[in-house]
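Secondary and tertiary structure notes
Given next are the chains, with one letter for each unit.
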Amino acid sequence: MKPQNAGSGLRRRVSYGQSIVLLALALPILTGIISLASDVANYYFSWFKIQRGADSAVLSGAVYLPAYPDLAIATAHTYAQSNGVAASEITSTSVSAGNTQLSMQVTRTVPFYFSRVLGLSSGVVKASATAQVISVGKADGVVPFGIDYQTPRTKGQTVMLHYAGNPNWVVGPGNWDPLAINGNGASNYQYNIINGAPVPLSVGQIISTETGNMKGPTQSAVNTRISNGLTFDPAATFDTHQLNDPRVITVPMVDFTGTNGHSPIPVKGFAELWLVSVNGSADVTTYFIEQTAPNTTPQPGVETFGAYTPLLIQ
């Protein structure tokens, strides 16, 4: 039988002992690193939360620009708080000149727990966000009235649609400015006035004019939307109303040049109108308004005709 190597066992015992000593020395350092990492993780998680809150706040508030800046700010505060930002943490909220941008700054003090051994009791995180309303490049639910893109426009200006009572308003032989969206015919045209067209339109897209006066469908459909609006909010006006009032319509701005019968015409942009009335000749009275349009896609560089959509830019 081979004798046991006593020296080898001693070396193993010494090696184990050294490992235990080293581990004991390293444990405080490892614990400190893990503790600091916890504070750092909490710091950045807090920044993520307030940044997300600020982003959602300015996007939600910007839908009320440019017409209602005070409501835009109030809405931003509400959404920020519903997304984990305390009212005391909102250091500033502002609307730019021209009422096209909404900005918010948020500051949060984050307590440290493990870093106190290093003399650090807390840290400050800051977040900022800006949303801007810009021109619409694509829109759903468009109403099939075309407006020539060269029409002068200011907020509150009266715009007549389907002005059959004035022969000088006819945009071309057989045309009174209705558009054929997603098909032709009086029933399709009437449906699209009441509900908005079920297909999107984009700037640069070619669509067709709808021929014929279609006096009855125009009167019936416009009166339906006005009636629905009065039921929705009888006190609303073109200047003070909810964004989704049925009397608000999104219409395409088009180039009627050369229109004759069923003619292809380009979409130049989109406008927002407030329906006022329709008379016995099916002349539709509207006002130009400026507001964000639902179900739209922004497109920088496109001419603005009063229809906007919000975009987070910072």
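Our structure is the block above this text.
What you are looking at is a predicted structure, and each value in this text was computed from that prediction instead of being measured. (Residues numbered from 1 in each chain as written. Predicted model: local features only at pLDDT ≥ 70, side-chain atom pairs only at ≥ 80, totals over all residues. Heavy atoms only, no water.)

Notes on the overall build of the protein chain
Looking only at helices and strands, the protein chain features four helices and 14 strands. Counting only residues that meet the buried cut, the protein chain has 40% of its 314 residues in that class. Long-range contacts, defined here as pairs at least 24 residues apart, represent 69% of the contacts in the protein chain between residues at least 6 apart. (Helix = DSSP H or I, 4+ residues; strand = E, 2+ residues; numbered from the N terminus. Buried < 20%, exposed > 50% of the residue type's maximum accessible area, 1.4 Å probe, protein only. Contact = heavy atoms within 4.5 Å.)

Digging into the side chain of Gln51
By the secondary structure assignment, Gln51 is in helix H1 (residues 6-62). Among the residues examined, Gln51 registers a relative accessible area of 14% and is labelled buried. Within the structure, the side chain of Gln51 is placed 3.0 Å from the backbone oxygen of Ser128, a separation counted as a polar contact. Excluding its chain neighbours within four sequence positions, the residues that come into contact with Gln51 are Ala127, Ser128 and Ala129. (Polar contact = N/O pair within 3.5 Å; in protein donor to acceptor, adjacent residues only side chain to side chain.)

Here's the deal with unusual backbone geometry
Cis geometry is adopted by the peptide bond preceding Pro66, which originates at Leu65 and carries an omega value of 0°. Examined against the element boundaries, Pro66 turns out to sit in the loop between H1 and helix H2 (69-82). A positive phi is found at Met214, a non-glycine position, where the angle reads about 50°. The backbone phi angle of Ala282 is positive, close to 70°, even though this residue is not glycine.

A look at the environment of Asn42
In this fold, Asn42 is placed in helix H1. Residues Asn42 and Phe112 lie 70 residues apart in sequence; the distance between their C-alpha atoms is 8.5 Å. Setting aside anything within four residues of it in sequence, one finds Asn42 in contact with Val110 and Pro111.

Some details on the pattern of salt bridges
Inspection of every chain in the model, using the stated rule, returns four salt bridges. Put simply, Lys155 and Asp239 hold a salt bridge, and the shortest N to O gap is 3.2 Å. With a gap of 84 residues between them, Lys155 in the loop between strand E4 (147-148) and strand E5 (158-161) and Asp239 in the loop between helix H4 (215-232) and strand E9 (248-254) connect regions that are remote in the sequence. Lys155 sits in the partly exposed class, given a relative accessible area of 36%. (Salt bridge = Lys/Arg side-chain N within 4 Å of Asp/Glu carboxyl O.)

Re the environment of Val58
By the secondary structure assignment, Val58 is in helix H1. Val58 sits 22 residues away from Ala80 along the chain, and the two C-alpha atoms are 8.4 Å apart. Residues within four places of Val58 in sequence aside, it is in contact with Leu102, Ser103, Met104, Ala129, Thr130, Ala131 and Leu312.

Quick word on the packing of aromatic side chains
Under the definition given, this model contains two aromatic pairs. Between Phe145 and Tyr189, the ring centres sit 6.2 Å apart and the planes meet at 90°, which makes this aromatic pair edge-to-face. Here Phe145 is found in the loop between strand E3 (122-139) and E4, whereas its partner Tyr189 is found in helix H3 (residues 186-195), with 44 residues between them in sequence. In this structure, Phe145 and Tyr189 share a single accessibility class: buried. Positioned above the aromatic ring of Tyr149, the side-chain terminus of Lys268 is 5.0 Å from the ring centre. (Phe/Tyr/Trp six-rings, centres within 6.5 Å; stacked < 30°, edge-to-face > 60°. Lys NZ or Arg CZ within 6 Å of the ring centre and 35° of its normal.)

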